[in-house]
Amino acid sequence: MQKFISLKSIPTYLPIVNIDTDMIIPKQFLKTIKRTGLGKNLFFELRYDEKGKEISDFILNKKPFCNSNILITGKNFGCGSSREHAPWALLDFGITCIISSSYADIFYNNCFKNGILPIVLNEDKIKEISEYSNRKEEISVNLADQKIIYGNNEISFEIDPFKKKCLLEGLDDIALSLEKSDKIKSFENKVKNQRPWIFND
Amino acid sequence: MPHTLYDKIWNDHLVHEQDDGTALLFVDRHLIHEVTSPQAFEGLRSSNRKVRQPSLTLAVADHNVPTTDRSKGISDQESKIQVETLEANCKEFGIKLFGMNDKRQGIVHVTGPEQGFTQPGTVIVCGDSHTATHGAFGSLAFGIGTSEVEHVLATQTLVQKKAKNFRINVNGKLPLGVTSKDVILQIIGKIGTAGGTGCVIEYAGDLIRSLSVEQRMTICNMTIEGGARAGLIEPDEKIFNYLKGRPMSPKGETWDKAVEVWSNLNSDNGSHFDKEVSLTAEEIIPMVTWGTSPQDVITIEGKVPNPNTEKDLDKKSSIERSLKYMGLKPDTLAKDIKIDKVFIGSCTNGRIEDLREAAKILKNKKKASHVHAMVVPGSGLVKQQAEQEGLDKIFIKSGFEWREPGCSMCLAMNADKLKPEERCASTSNRNFEGRQGRGGRTHLVSPGMAAAAAIAGNLDDVRKYQN
Ligand code: SF4
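Residues numbered from 1 in each chain as written. Chains lettered and ligands numbered in written order. Predicted model: local features only at pLDDT ≥ 70, side-chain atom pairs only at ≥ 80, totals over all residues. Heavy atoms only, no water.

Some points on the overall build of chain A
As a reminder, the rule being used: Secondary structure elements are defined from DSSP: runs of H or I of at least 4 residues count as helices, runs of E of at least 2 residues count as strands, and each element is numbered from the N terminus. A 1.4 Å probe rolled over the protein chains alone gives each residue an accessible area, and that area as a share of the maximum for its type sets the label: buried under 20%, exposed over 50%, partly exposed in between. By the counting rule applied here, Lys and Arg register as positive and Asp and Glu as negative, while His and the ends of each chain are not counted. For the purpose of locating charges, the reference atoms are NZ of Lys, CZ of Arg, CG of Asp and CD of Glu.
Helix and strand content of chain A: eight helices and eight strands. Along the three orthogonal principal directions, the C-alpha set of chain A runs to about 65 × 45 × 25 Å. Every one of the 201 residues in chain A was classed for burial, and the buried ones make up 57%. Of the side chains in chain A, 29 bear a positive and 27 a negative charge, and the two mean positions are spaced by 3 Å.

Set out below in structure tokens:
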């Protein structure tokens, strides 16, 4: 997995609440068997009209936002379907950091599996930082220090220490879990004894 | 210390726990389908890993399959590749699969319980957010992303942090024509789509206990629409009777032992819930959604909200946005909303009892002439059962199309979809923008309400149509 250490970018502000994963990447793009290539269809129905033409006043179609790495957005971002295609599409577009006041659980977890940092801030701070999007000025995000730096200000954010470590080091969590193979094995034996109906072989 | 049902299942599945509370949880049952699994298998292959316990995984193709004549295969090339990829992966890694032409094929959340693969006290995961459905059996069941699917395949475990306990009590008796779909829509309206975020919801109370197994599944199914990953209900005799004799249920002495263990799966008296909400069943009225979020509910007697009466600016603009998308004027009466399509099906309401409920309303009645209506059974076995009971004839006589099983217009990934601005009364679970087709407008309702809407040609009160 790609590491996340720090980032500097002009943020994109998309002030819509409850953005669901159908909106982030509609189902017709879920027919792929790959993880890559979804960026061009990110926010498809907001970005393109019925004929497939770019909607010129949608923020991500405009410069400099089409090159933005940070998305600031309304609460409960990523609700709905569990599709990991949503973070894949964001990542493929170039967005590796999201700032919102809340996320849906599955989406939040999926971000960390893909080197994307989802930051939680309160609504007031979000309004303040979104000004930098309006003014087209860069902000910086530093994961090690858990800080966002904008203009002469900075603000700290909370993050689970284990998730932070995985992002900073780009750890493969399957490899980490497989280090506990012995424990899994003995747990399986316990299951075979106590709940023999679980294994149907 | 008293424990909740969720606490107990959690503790029973802890393989390892770090000091910070990050846990490795054993997964008893893993369901996979064609849309969220290909990249997981690709990941296994590229890192040279095997599936640790193939017998604990069950695969079924559902999201992409056509619901019309299947003898010619799938005409959409990408869908075809995805379904074939699932077949190839299952073969390569030794996983049991119900292919498109197997009569046991169906929506993954209908098939699992039907086969007895779903069992009380287990941890069940699937790369699909409606996995919570299986919680109706007293299992801890939740949706996961594709990277997690890969993790489960490789390790038979999942990295998790414990969620909070949230109990929703529903007591009393439901009025005639009111169903578990109305109960869950009412709950979501009350707690909001983020109300359950970070929680596991236990549904309790005498109304919940009085519900059939399938009605309970409808409630647990839409838990994710309230923001919680898992929703569960204490298992009881009804659950055990439902499971007895199913192909993958335990047999003989093992069955007896299993029932003994399952009978202890409950929340202890005095166990702690971080959050609690109560509803009275008698007060619940048939519900419909008017907007583009499942929390946008009104009763069939109500009217669409007016943004001008909303003081909160964010809420106001969100109502305006939804009304615009839905093509509705403020204060429109629910019963004045004219519809073009009716869809009965999905993992929320595509089981036999749902079809019976709709057929009961439709018997000897015709759908309105301008309405296009279809029924998509949740599985091949549901379809077969319905045909044995003659329900297919009732649907066809009243002007419905009778289709092959699958997800169909619940997410419109196959050919079944709404055209822009078409309006649909749907028994599915999501009314997001574009969910049933670009520009399509969805009103979520119960199967009986969908039948009533088909007859009337507009949203209507099912209580008028009781045969
Ligand atoms: S029926 Fe709908 S909600 Fe259920 S699994 Fe299929 S697409 Fe998902």
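Read on, since the account is not over.
A look at the sheet that holds strand β1 (residues 14-17) of chain B
Residue and element names in this part refer to chain B. Note the cut-off: The rule for pairing is simple: two strands pair if DSSP sees at least two bridges between them. What counts as an axis is a line fitted to C-alpha atoms, over the stretch in contact for a helix, and the angles between N-to-C directions run from 0 to 180 degrees. Any two residues whose heavy atoms approach within 4.5 Å are treated as being in contact.
As summarised here, the arrangement of the three strands in space is β1-β2-β8, forming an open sheet in which the pairing is antiparallel. For this open sheet the edge positions go to β1 and β8 (157-160), each flanked by a neighbour on one side alone. With direction set aside, neighbouring strand axes in the sheet form an average angle of 20 degrees. Sheet strands in contact with helix α1 (residues 5-12) are β1, β2 (23-26) and β8, and its direction is about 85 degrees off that of β1. The strands that helix α5 (residues 146-155) touches are β2 and β8; relative to β8, the one it contacts most, it runs at about 135 degrees.

A closer look at the domain arrangement of chain A
Convention followed: Boundaries of every domain are those given by an automatic assignment or by a domain database.
Segmentation of chain A into domains returns domain 1 (6-170) and domain 2 (173-201). Once you take the C-alpha centre of each, domain 1 of chain A and domain 2 of chain A turn out to be 37 Å apart.

Things to note about the layout of surface pockets
Put simply, the rule is: Residues are said to line a cavity or pocket when one of their atoms sits within 4 Å of a point; the points come from a 1 Å grid over protein atoms alone, cavities being sets where a 1.4 Å probe fits but cannot get out and pockets being open sets with protein on both sides within 12 Å along at least five of seven lines. Grid points are joined across faces, edges and corners, and a volume is the space filled by probe spheres set on the points. In the scheme used here, Gly and all other residues not listed as nonpolar or charged are polar, with Ala, Val, Leu, Ile, Met, Phe, Trp, Tyr, Cys and Pro taken as nonpolar and Asp, Glu, Lys and Arg as charged.
Its boundaries defined by the atoms lining it, the largest pocket holds a volume of some 1,400 Å³. Looking at the largest pocket, it is lined by 48 residues, and the ones nearest its centre are Y108, N109, F112, K113 and K163 of chain A. If you tally residues by element for the lining of the largest pocket, the top one is helix α4 (residues 105-112) of chain A, at four residues. Taken together, the residues of the lining of the largest pocket sort by class into 20 nonpolar, 13 polar and 15 charged. The wall of the second largest pocket is formed by 39 residues, among which V17 and N18 of chain A together with D314, K315 and S318 of chain B lie closest to the centre. Mapped by element, the contributors of at least two residues to the lining of the second largest pocket are α5 (123-134) of chain A together with β14 (297-299) and α11 (313-326) of chain B. Per element, the largest residue contribution to the lining of the second largest pocket is seven residues, and it comes from α11 of chain B.

Quick look at the interface of chain A and chain B
The test is simple: Two parts placed together each lose some accessible area; with a 1.4 Å probe, that loss summed over both constitutes the buried area. What makes a salt bridge here is a side-chain nitrogen of Lys or Arg within 4 Å of a carboxyl oxygen of Asp or Glu, nothing more.
The interface is formed by 59 residues belonging to chain A together with 77 residues belonging to chain B. Summed over both sides, the interface of chain A with chain B buries roughly 5,700 Å², with 54% coming from carbon and sulfur. Taken as a group, K27, K31 and W197 of chain A account for 14% of the area that chain A buries against chain B, more than any other trio of residues on that side. In this structure, R195 of chain A and D28 of chain B form a salt bridge, with 2.8 Å as the shortest nitrogen-oxygen distance.

Observations concerning the site of the ligand
All names here are of chain B. Put simply, the rule is: For each residue, the test is whether any non-hydrogen atom lies within 4 Å of the molecule or strand; if one does, the residue is near. Think of it this way: a molecule belongs to a cavity or pocket when more than half its atoms come within 2 Å of the grid points there.
Around the ligand lies a shell formed by H63, I107, H109, D128, H130, S346, C347, C407, C410, L411, N429 and R435. Taking a 2 Å distance to the grid points as the criterion, the majority of the atoms of the ligand fall inside the largest cavity. Tallied by class, the residues present in the shell around the ligand amount to five nonpolar, five polar and two charged.

Some thoughts on the pairing of strand β6 (residues 123-126) of chain B
Residue and element names in this part refer to chain B. Where burial is concerned, the two faces of β6 agree: the one with V123 and V125 and the one with I124 and C126 are both buried. Two strands pair when backbone bridges link them, and β6 and strand β7 (residues 140-143) are joined in this way by four bridges, in the parallel orientation. Bridge pairing in β7 links I124 to A141.

With respect to the nonpolar core
We count it as follows: Here the nonpolar core consists of buried residues drawn from Ala, Val, Leu, Ile, Met, Phe, Trp, Tyr and Cys, with membership extended through side-chain atoms lying within 4.5 Å.
If you look at the biggest cluster of nonpolar residues, it comprises 88 residues, and the most contacted ones within it are I95, L140, I168, V170, I187, Y203 and W262 of chain B. Ignoring sequence-local partners within four residues, the contact set of V170 of chain B consists of V183, I187, A204, G205, D206, L207, I208, L279 and A281 of chain B. Among the nonpolar cores identified, the runner-up in size contains 83 residues, and I116 of chain A together with A334, L391 and V462 of chain B belong to it.

Details of the sheet that holds strand β12 (residues 275-280) of chain B
Residues and elements named next belong to chain B. With respect to topology, four strands assemble into an open sheet ordered β11-β10-β9-β12, the strand pairing being parallel. Here the strands that pair on one side only, and so sit at the sheet edges, are β11 (230-232) and β12. Taking each pair of neighbouring strands and ignoring which way they run, the sheet shows an average axis angle of 20 degrees. As paired strands, strand β9 (residues 164-171) and strand β10 (residues 199-204) are joined by six bridges and run parallel to one another. By the bridge assignment, K164 is partnered in β10 with C199.

Here's the deal with α5 of chain B
Residue and element names in this part refer to chain B. For α5, the buried fraction is high: ten of the ten residues fall into the buried class. Within the sequence span of α5, burial applies to T146, S147, E148, V149, E150, H151, V152, L153, A154 and T155. Of the residues flanking the end of α5, it is Q156, one or two places downstream, whose phi is positive at about 60 degrees.

Remarks on unusual backbone geometry
Residue P64 of chain A is bonded to the preceding K63 of chain A through a cis peptide linkage, with omega at 0 degrees. Mapped onto the secondary structure, P64 of chain A falls in the loop between α2 (44-47) and β3 (70-73). The phi dihedral of Q156 of chain B is positive, around 60 degrees, even though this residue is not glycine. By the element assignment, Q156 of chain B lies in the loop between α5 and β8. Residue classification places Q156 of chain B among the buried residues on the basis of a relative accessible area of 1%. One non-glycine residue, N364 of chain B, adopts positive backbone phi at about 60 degrees. As for its placement among the helices and strands, N364 of chain B is situated in the loop between α13 (352-362) and β16 (372-375).

Here's the deal with the pattern of salt bridges
Under the criterion given, the structure shown has 35 salt bridges over all chains. In this structure, R83 of chain A engages D22 of chain A in a salt bridge whose closest nitrogen and oxygen atoms are separated by 3.4 Å. Here R83 of chain A is found in the loop between β3 and α3 (85-93), whereas its partner D22 of chain A is found in helix α1 (residues 21-24), with 61 residues between them in sequence. The exposure classification of R83 of chain A matches that of D22 of chain A, with both residues buried. For R356 of chain B, the salt bridge is made with E389 of chain B, and the minimal N-O distance between the two is 2.7 Å. Pair noted here: R356 of chain B is in helix α13 and E389 of chain B is in the loop between α14 (380-388) and α15 (391-397), with a separation of 33 residues, a long-range link. One continuous salt-bridge network, built from bridges that share partners, spans D22 and R83 of chain A together with R435 of chain B.

Quick notes on a negative patch on the surface
Counted only if it meets this: A patch is a set of surface residues, each over 30% in relative accessible area and not in a salt bridge, joined within 9 Å for like charges and within 5 Å for the nonpolar side chains Val, Leu, Ile, Met, Phe, Trp and Tyr. Surface accessibility follows the Shrake-Rupley procedure with a 1.4 Å probe radius. Residue values consider only the protein chains on display as shielding.
Taken together, the side chains of E123 and D124 of chain A together with D312 and D314 of chain B make up a negatively charged region of the molecular surface. The residue D312 of chain B is located in the loop between β14 and α11 in this model. Given a relative accessible area of 36%, D312 of chain B falls into the partly exposed group.

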